[in-house]
Amino acid sequence: MSVLEQKLASLTAAGRFDICSPGECIRLLSASTHINYSRRAGGCGRMLKVLLHGTCSYDCAYCSVRLQREHLSFTPEELAGTFLGLWQEGLVGGLFLSSGIARDVDIVMHDIVETGEILRQRGYDGYLHLKVLPGATRADIHDAARVADRISINLETTSPDRLGCIAGVKDYRQDILKRQAWVAEEKPGHHTTQVVVGAADETDAEILSCLADRYRRVRPSRVYFAAFRSLPGTPLATHPDTPAWRARRWYQADYLLRDYAVTPDELRAALGEEGFFPNRDPKEILADGRMPVNVNRAPRHDLLRVPGIGPKGADRIIALRRVRPFTGPADLVRAGIRGKAAGRHLTFGGRETVQTRLAL
Ligand code: SF4
């Protein structure tokens, strides 16, 4: 293996902890080069996820990069050239670039931006996602937003106090929230963030409050949820892992907030007494507390709250029922609605609001 291949193998392996697609799947690009890539990310097929620097001077207790003693790094020139080679061969369709903060944060952030600039100057017109490091300057965030399709800064957890439990260097308000506000101004509608669920023992109620605030103030286009995994040698090595289902429930809850116009206050009703979601679709929990709705009369707002009906399904129902009322489950199936999920929560009334409750 050449030196560059060794770097690529090591720095793509280290880059796998940044999530850029729900349910993403890390695969080896080729058995010979051991390059990791992420499937289903960014809509670009194979996404190369890689770090510029494989070590970090920060102390985040959940992170393996802080432990690396061997200082493997790409220069911007090396990484841009290596990526372009893979892209021109058709092996990858996009780049997600992050980095450990091996030295001064400004130097590393500048290197991230420079890598993006080299790629664009050399004709790369594919998907480019650049990570904004905590504490990055406004000028570097501006430049990252100029060359990238998407930029992101990780929240990691929910509050200054929670971050203080797992990271001693980063300042939540200054290094993360303030920078996230700049990110939102520089790349409105095209910025994301990530929460490491369970790393700081936060409750789902705390995550919900945090996201409600973030959606209100900076409107991230996506929030990614990584279930905490303990890593040997880190201060959290004996901390219990977060079950994968908890992150999955967060993706479902987040869809409700973003795409279904469910308010944070509504969603709070799906939390248990201890402030955690049970291992069940939050939409089903909320629907169980409501009366069934009439598929022929319900406004879009109510249809969207029925399990099995999404934004497209609700629009289809509204269009179809103008032509002919729904009379039974077969009409739902014809409209592409998952009858089993929706049936318990729908009625097919004519004049009466509750006439035929399905038992599918
Ligand atoms: S800043 Fe923290 S999370 Fe990011 S690479 Fe460094 S130690 Fe890891």
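Only a predicted model underlies this, so the values are computations on that prediction, with no experimental measurement involved.

## Comments concerning the overall build of the protein chain
Argument step 1. Per the secondary structure count, the protein chain includes 14 helices and 10 strands.
Argument step 2. Put simply, the protein chain has 360 residues, and 56% of those count as buried.
Argument step 3. For the protein chain, the share of sequence-separated contacts (at least 6 apart) that also reach a separation of at least 24 residues comes to 63%.
Argument step 4. About 16,100 Å² of surface is accessible on the protein chain, with carbon and sulfur atoms providing 51% of the total.

## Quick look at the confidence of the model for the protein chain
Argument step 1. Confidence in the prediction of the protein chain, expressed as mean pLDDT, is 89, and 89% of residues score 70 or more.
Argument step 2. Counted against residues more than four places away or in other chains, residues 351-360, with its pLDDT under 50, gives 28 contacts.

## Let's talk about the environment of arginine 297
Argument step 1. Turning to its location among the elements, arginine 297 is positioned in the loop between strand E9 (293-294) and helix H11 (300-303).
Argument step 2. On a C-alpha basis, the gap between arginine 297 and isoleucine 318 in space is 8.8 Å, while along the polypeptide they are 21 residues apart.

## Quick look at the packing of helix H2 (residues 76-88) against helix H3 (residues 105-121)
Argument step 1. Two elements in contact, H2 and H3, have axes whose closest approach is 9 Å; the angle formed by their N-to-C orientations is 40°. With respect to H3, the element H2 is oriented oblique. Here the hand of the crossing between H2 and H3 comes out right-handed. Contact with H2, carried on its side by Pro76, Glu77, Leu79, Ala80, Phe83 and Leu84, involves Asp111, Glu114, Thr115, Ile118 and Leu119 of H3 and no other residues of that element.
Argument step 2. Per-class residue counts for the contact of H2 with H3 are 7 nonpolar, 1 polar and 3 charged.

## Topic: the pattern of salt bridges
Argument step 1. As enumerated under the stated definition, the model contains 26 salt bridges in all.
Argument step 2. A salt bridge links glutamate 78 to lysine 7; its shortest N-O distance comes to 3.0 Å. Within this pair, whereas glutamate 78 is found in helix H2, its partner lysine 7 is found in helix H1 (residues 3-14), the two being separated by 71 residues in sequence.
Argument step 3. The exposure class assigned to glutamate 78 is partly exposed, which follows from its relative accessible area of 28%.
Argument step 4. On the basis of relative accessible area, lysine 7 is assigned to the buried category, the value being 12%.
Argument step 5. Notably, a salt bridge pairs aspartate 149 with arginine 120, separated by 3.1 Å at the nearest N-O pair. One end of the pair, aspartate 149, is in the loop between helix H4 (138-147) and strand E6 (150-152); the other, arginine 120, is in helix H3, with 29 residues separating them in the sequence.

## Here's the deal with the site of the ligand
Argument step 1. Surveying the vicinity of the ligand reveals the residues Cys56, Tyr58, Cys60, Tyr62, Cys63, Arg66, Gly100 and Lys170.
Argument step 2. When the residues that make up the shell around the ligand are grouped by side-chain class, the tally is 5 nonpolar, 1 polar and 2 charged.

## Here's the deal with the packing of aromatic side chains
Argument step 1. Counted under the stated rule, the structure contains 5 aromatic pairs.
Argument step 2. Residues tryptophan 250 and phenylalanine 277 carry aromatic rings whose centres are separated by 5.2 Å and whose planes lie at 65° to one another, so their mutual orientation is edge-to-face. Of this pair, tryptophan 250 sits in helix H8 (residues 244-259) while phenylalanine 277 sits in the loop between helix H9 (264-268) and helix H10 (282-288); the two residues are 27 residues apart in sequence, bridging distant segments of the chain. Comparing tryptophan 250 with phenylalanine 277, the two get one shared label, buried.
Argument step 3. An aromatic cluster is built from Phe225, Trp250, Tyr251 and Phe277, whose rings are joined through pairwise contacts.
Argument step 4. The side chain of lysine 49 reaches across the aromatic face of phenylalanine 96, ending 5.8 Å from its centre.

## Overview of helix H7 (residues 204-217)
Argument step 1. Compared with the 20 Å implied by 1.5 Å per residue over 14 residues, the 20 Å span of H7 between its first and last C-alpha is a close match.
Argument step 2. Considered for burial, the residues of H7 that qualify are Asp204, Ile207, Leu208, Cys210, Leu211, Ala212, Arg214 and Tyr215.
Argument step 3. The inward-facing, buried residues of H7 contact helix H6 (172-186), strand E7 (191-197), strand E8 (222-227), H8 and H9.

## Here we look at unusual backbone geometry
Argument step 1. Non-glycine residue aspartate 201 carries a positive phi angle of around 60°.
Argument step 2. Here aspartate 201 is to be found in the loop between E7 and H7.
Argument step 3. Of note, the phi angle at alanine 261 is positive, near 55°, even though the residue is not glycine.
Argument step 4. Following the sequence through the fold, alanine 261 ends up in the loop between H8 and H9.

## A short note on the nonpolar core
Argument step 1. Ranked by size, the top nonpolar core spans 56 residues in total, and within it Phe225, Trp250, Leu267, Ile309 and Leu346 carry the most contacts.
Argument step 2. When residues in this core are grouped by element, the largest group, 6 residues, is from H8.
Argument step 3. Leave out the neighbours within four places in its chain, and isoleucine 309 touches Tyr260, Lys283, Leu303, Leu304, Ala314, Ile317, Ile337, Ala342 and Leu346.

## Side note on the pairing of E8
Argument step 1. Burial of E8 is extensive: 6 of the 6 residues sit out of reach of the surface.
Argument step 2. Of the pairings in the sheet, the one linking E7 to E8 comprises 6 bridges and is parallel in character. Bridged to threonine 193 within E8 is valine 223.
Argument step 3. Each parallel crossover has a hand, and the one from E7 via H7 to E8 is right-handed.

Conventions we followed
Residues numbered from 1 in each chain as written. Predicted model: local features only at pLDDT ≥ 70, side-chain atom pairs only at ≥ 80, totals over all residues. Heavy atoms only, no water. Helix = DSSP H or I, 4+ residues; strand = E, 2+ residues; numbered from the N terminus. Buried < 20%, exposed > 50% of the residue type's maximum accessible area, 1.4 Å probe, protein only. Contact = heavy atoms within 4.5 Å. Areas by Shrake-Rupley, 256 points an atom, 1.4 Å probe, with all protein chains shown as cover. pLDDT = per-residue confidence, 0-100. Axes fitted to C-alpha atoms, helices over the stretch in contact; angles between N-to-C directions. Parallel < 35°, antiparallel > 145°, perpendicular 65-115°, else oblique. Left-handed = near helix turned anticlockwise from the far one by under 90°. Nonpolar A, V, L, I, M, F, W, Y, C, P; charged D, E, K, R; others polar. Salt bridge = Lys/Arg side-chain N within 4 Å of Asp/Glu carboxyl O. Near = heavy atom within 4 Å. Phe/Tyr/Trp six-rings, centres within 6.5 Å; stacked < 30°, edge-to-face > 60°. Lys NZ or Arg CZ within 6 Å of the ring centre and 35° of its normal. Expected span 1.5 Å × (residues − 1). Core = buried A, V, L, I, M, F, W, Y, C linked by side-chain atoms within 4.5 Å. Pairing = 2+ DSSP bridges. Right-handed = clockwise from strand over helix to strand, strands pointing away.

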